[in-house]
Structure formats: structure tokens, C-alpha cells
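# Residue-level structural notes
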Amino acid sequence: MNEKEFHRSIVDFQLEIAKRWNQRGSEKKDDFVKFFFYFAGFNSLYYLWRVLDNLKKRDGERKHIENLLKKFTEAKAAEILEKVDESVEYFRARPIRKMIDRSSDRPDGDLREGEELMSQLENGSNKDRIVALGKILYLIRSNLVHGSKRESGDDREIVKQSIAPLDVLLEEAISLTEQEKIRLRRQPAP
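Residues numbered from 1 in each chain as written. Predicted model: local features only at pLDDT ≥ 70, side-chain atom pairs only at ≥ 80, totals over all residues. Heavy atoms only, no water.

Moving on, we come to the overall build of the protein. For the protein, the helix and strand inventory stands at eight helices and zero strands. Traced from its N-terminal end to its C-terminal end, the protein shows the element sequence α-α-α-α-α-α-α-α. Looking at the protein residue by residue over its 190 residues, the buried ones come to 45%. Of the contacts made within the protein by residues no fewer than 6 positions apart, 71% connect residues no fewer than 24 positions apart. As displayed, the protein has an accessible area near 10,000 Å², and 46% of this comes from carbon and sulfur atoms. (Helix = DSSP H or I, 4+ residues; strand = E, 2+ residues; numbered from the N terminus. Buried < 20%, exposed > 50% of the residue type's maximum accessible area, 1.4 Å probe, protein only. Contact = heavy atoms within 4.5 Å. Areas by Shrake-Rupley, 256 points an atom, 1.4 Å probe, with all protein chains shown as cover.)

So this is what it looks like as C-alpha cells:
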């Protein structure tokens, strides 16, 4: 299989995964379940774009998220931010702690990355702001997956505020990837 065939094949496969997780997420009532389903779909697409753009795995998922979200125009980024304004305001007001970096010196986690992302969400260009939002969602996902979030209190609110941005980013990433699928199909076979 040559590279063009591989790209066509992986786009079809990953796009189908994203659409299925998106559908399952939209059918659920529980915010934690929605979060995981929407994030799984989003993950399938930033992974895909890592492959299409020949990024290295060692670049890390934050870089892969940035790679995908920077594909949106400033106008599309502004539109996305407007759709999720309530959540953006929520995350602009409080940094998310990186809980995997807890230590005896910082038993409540590390605020540095969360504060940096909060500042970028406040002061960046529209593209920079959606990248910051995507990385905040990844930080929340990491805290959940690594067992550092509860199903109550502030943690419940953080997850609740994550649903709309994940839903919108996933929908927009699906649309962007469908456009790429059309472009790949139009390319002549080798």
C-alpha cells in the first residue's frame, strides 16, 4: 500500500471512530460518560492528523492537539469560541491543576501549566485560544484517567463545563477531516 492509499484508508477508519464516539456521547446523560466518549472521538482525530502531518509520537499529545486545532482559520476559531463562551469564561477564571505532578511539596497538584493555559485562553489569538482550550480539556482528561478527579463538587463542575467545548471541537474536527477526505479522494492515483 502506498502512502496515498494508506492516508485514504486511515482517514476513513479514524473518521468512522470519531463519528461513532460522537454519536454515543450525544446519547448519554451522564457528564462523565459524555466526556470520555467525546474525548475518545477527539483523540481519534488528533491522532489521525498526527499521522497525516508526519508528526512524531514523542512530540506528545499536547502538540498533536495543537496541530489539529491550528488547522482552523481565525474566523472558524472565533465561531467555535462563541459557541462555547460559557465554558471559556469558566476556564478563564480558574486554572486546572496538573494532578499527576503531585508531590509532598504540592499535594494539590501543579498549577503552572493550568495558569499558562488560562493566560493563553485570555490573551491569545482566536487560534491560540482554541489550542489552549483543547489543552485544558486534555489536562482534565489526564486527571480523570489517572484517577485524580472525583465525581462530585468542583470536579463534577469542571467535567460539566468541558462537555460543550468537547462536543463542538469534535464536530468541527469531524467536518475538517471530512473535507480532507474529499481532498484525498480527488488526488489522482499513483
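Take the nonpolar core next. Judged by nonpolar contacts, the single largest core of 50 residues is most densely connected at Phe-42, Leu-45, Leu-68, Leu-69 and Phe-91. Those elements that place two or more of their residues in this core are helix 1 (3-27), helix 2 (31-52), helix 3 (61-69), helix 4 (74-83), helix 5 (85-92), helix 6 (112-123), helix 7 (126-145) and helix 8 (153-186). Leu-69 has contacts with Phe-42, Ile-130, Val-131, Gly-134 and Leu-169, leaving out every residue within four places of it along the chain. (Core = buried A, V, L, I, M, F, W, Y, C linked by side-chain atoms within 4.5 Å.)

When you line up the elements, Gly-114 lands in helix 6. Spatially, the C-alpha atom of Gly-114 lies 9.9 Å from that of Ile-140, the residues being 26 residues apart in sequence. With residues near it in sequence (within four places) discarded, Gly-114 still touches Pro-95, Ile-96 and Leu-139.

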